[in-house]
Amino acid sequence: MMLSEDTERLSRLVPLLPKLWDWYRANARALPWREPSTSPYAVWVSEIMLQQTQVATAAPFYERWMERFPTVRDLASAPLEEVLRYWAGLGYYARARNLHRAAKDLLASYEGELPSDVKALLRLPGIGRYTAGAIASLAYGIPAAVVDANVERVLCRIFGVDGIPSQAATARRLAALAEALVPPDAPGLHNQAMMELGALVCSPSDPACGRCPLSDACHAARTESPTDWPRRRAAKRQVRTAHASAALFRSDGSVLLVRRAPHGLWGGMWELPRRECAAGEAPVQTAERALREVVGLRATIGAELHTVRHAVMHYAITLHVLRASEPEGDASPLDCVALRWATPRQALELPLASPQRQALERLAAMQHLAG
DNA sequence: TTCCCGTCCT
DNA sequence: AGGACGGGAA
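On a predicted model such as this, the values are computed, not experimentally measured, just so you know.

Parameters at a glance
- Residues numbered from 1 in each chain as written.
- Chains lettered and ligands numbered in written order.
- Predicted model: local features only at pLDDT ≥ 70, side-chain atom pairs only at ≥ 80, totals over all residues.
- Heavy atoms only, no water.
- Domains from an automatic or database assignment.
- Contact = heavy atoms within 4.5 Å.
- Buried area = accessible area lost by both parts, 1.4 Å probe.
- Salt bridge = Lys/Arg side-chain N within 4 Å of Asp/Glu carboxyl O.
- Polar contact = N/O pair within 3.5 Å; in protein donor to acceptor, adjacent residues only side chain to side chain.
- Nonpolar A, V, L, I, M, F, W, Y, C, P; charged D, E, K, R; others polar.
- Near = heavy atom within 4 Å.
- Helix = DSSP H or I, 4+ residues; strand = E, 2+ residues; numbered from the N terminus.

### Description of the domain arrangement of chain A
Here is step 1: What the domain assignment reports for chain A is domain 1 (4-228) and domain 2 (239-370).
Here is step 2: Once you take the C-alpha centre of each, domain 1 and domain 2 turn out to be 37 Å apart.
Here is step 3: In this assembly, eight residues from domain 1 lie in contact with 16 residues from domain 2.
Here is step 4: Regarding the contact of domain 1 and domain 2, the summed buried area is about 860 Å², with carbon and sulfur atoms giving 56% of it.
Here is step 5: Considering only the surface of domain 1 that becomes buried against domain 2, Glu-81, Tyr-93 and Arg-97 emerge as the three largest contributors, covering 55% of it.
Here is step 6: Our enumeration of links across domain 1 and domain 2 arrives at one salt bridge.
Here is step 7: Close ionic contact of Arg-259 with Glu-81 constitutes a salt bridge, the shortest N to O distance being 3.5 Å.
Here is step 8: At the boundary of domain 1 and domain 2, one finds five residue pairs in polar contact (both at pLDDT 80 or more).
Here is step 9: Counted by class, the side of domain 1 that touches domain 2 contains four nonpolar, one polar and three charged residues.

### As for the protein's contact with DNA strand C
Here is step 1: Inspection of the region around DNA strand C gives 22 residues, with Gln-52, Gly-91, Tyr-93, Trp-266 and Met-313 positioned closest.
Here is step 2: Backbone atoms, meaning sugar and phosphate, form 63% of the atoms of DNA strand C found within 4 Å of the protein.
Here is step 3: In the environment of DNA strand C, a phosphate oxygen lies 2.9 Å from a nitrogen or oxygen atom belonging to the backbone of Tyr-92.
Here is step 4: Leu-265 has a polar backbone atom sitting 3.3 Å from a phosphate oxygen of DNA strand C.
Here is step 5: When contributions to the surface near DNA strand C are tallied by element, the ones reaching two or more residues are strand E5 (298-312) and helix H15 (354-370).
Here is step 6: The leading source of residues in the surface near DNA strand C is E5, at three residues.
Here is step 7: Within the surface near DNA strand C, the residues separate by chemical class into 12 nonpolar, eight polar and two charged.

Laid out in structure tokens, this is it:
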């Protein structure tokens with residue numbers, strides 16, 4: 001899948017690789033998962049956390065996680081609810097559910113050890129091509145290639161790849177290039193060096209070609225604007241949506257919360273009963289419908305307590321939180337997997353996605369002010 | 001407000 | 001091939 005021009009440029013690039021590795025040894029960030037003692041399990045956890053998530057965001061979550069779930073066995077034996085609590089705020093909650101599921105699989109099939117074989121790794125939920133290659137090479141020294149967004153950017157610039165990386169042919173070309181570069185004796189070092197180069201030097205919008213150990217072999221570095229690579233598809237237009245949640249309080253100060261089914265947006269997380277506003281539907285109607293459809297209660301919807309803005313992908317979500325009162329009927333879990341009453345302060349201990357956490361924090365503050 | 005990013009499902 | 005899935009930084 002390589003082009004002939006690729007072969008030519010490879011022969012110029014390979015002799016520079018020792019400079020890349022030296023650069024990495026001198027400039028690598030000291031990160032918690034880069035301790036020499038990092039277990040394959042810890043490499044796995046860090047790689048899952050780093051999917052779609054910045055290093056600075058993931059680091060404190062990683063520390064807390066490893067303290068609570070230091071081994072595959074600790075993770076597998078913990079309840080999903082607690083696992084999600086440790087993930088709350090990181091987003092993409094399927095990652096936590098898959099990690100938990102895979103830990104159970106590892107205990108059942110591999111005596112709790114992470115396999116070193118890429119094919120076996122790919123069979124675990126939540127592990128795709130990138131993560132399988134990362135675990136194999138970083139944790140076990142297997143010469144597997146990795147193409148994450150950093151590597152993709154570095155390769156597209158060096159080789160002047162004009163195809164769009166998400167298209168199959170271009171993806172295959174990038175995979176072939178990455179594979180051709182992996183040294184059999186130090187795949188982990190090389191892969192981390194490529195990713196670190198992308199993160200620290202060959203950055204998306206402000207590449208520092210002057211500091212790059214590979215710039216002598218780089219196509220983009222010799223052009224007016226190295227940031228023309230990688231080529232991108234046109235961005236999707238922003239879509240605005242509104243959601244409404246009902247805050248139904250009991251006289252003891254507790255509020256009704258529901259746990260979502262373990263799939264889809266905010267799967268497995270707790271929240272105030274919520275629905276997306278239909279076209280032309282006012283938040284007060286939506287909140288009424290949410291209580292009815294999610295827990296089977298009819299109630300009177302009162303004042304809007306507050307508004308939380310949140311971005312998910314290309315969606316801009318406005319979450320309206322409205323007070324509800326005078327419920328009729330018994331609350332039952334119609335469109336949720338569990339339901340409970342808790343004070344807003346207690347609710348903050350549950351697994352909550354970020355906008356729900358904001359909403360509950362403000363309810364807790366309100367209650368505090370009310371005495 | 002825009003940009004950035006792996007895996008799974010369809 | 002393309003959409004769903006979040007949160008933080010620029």
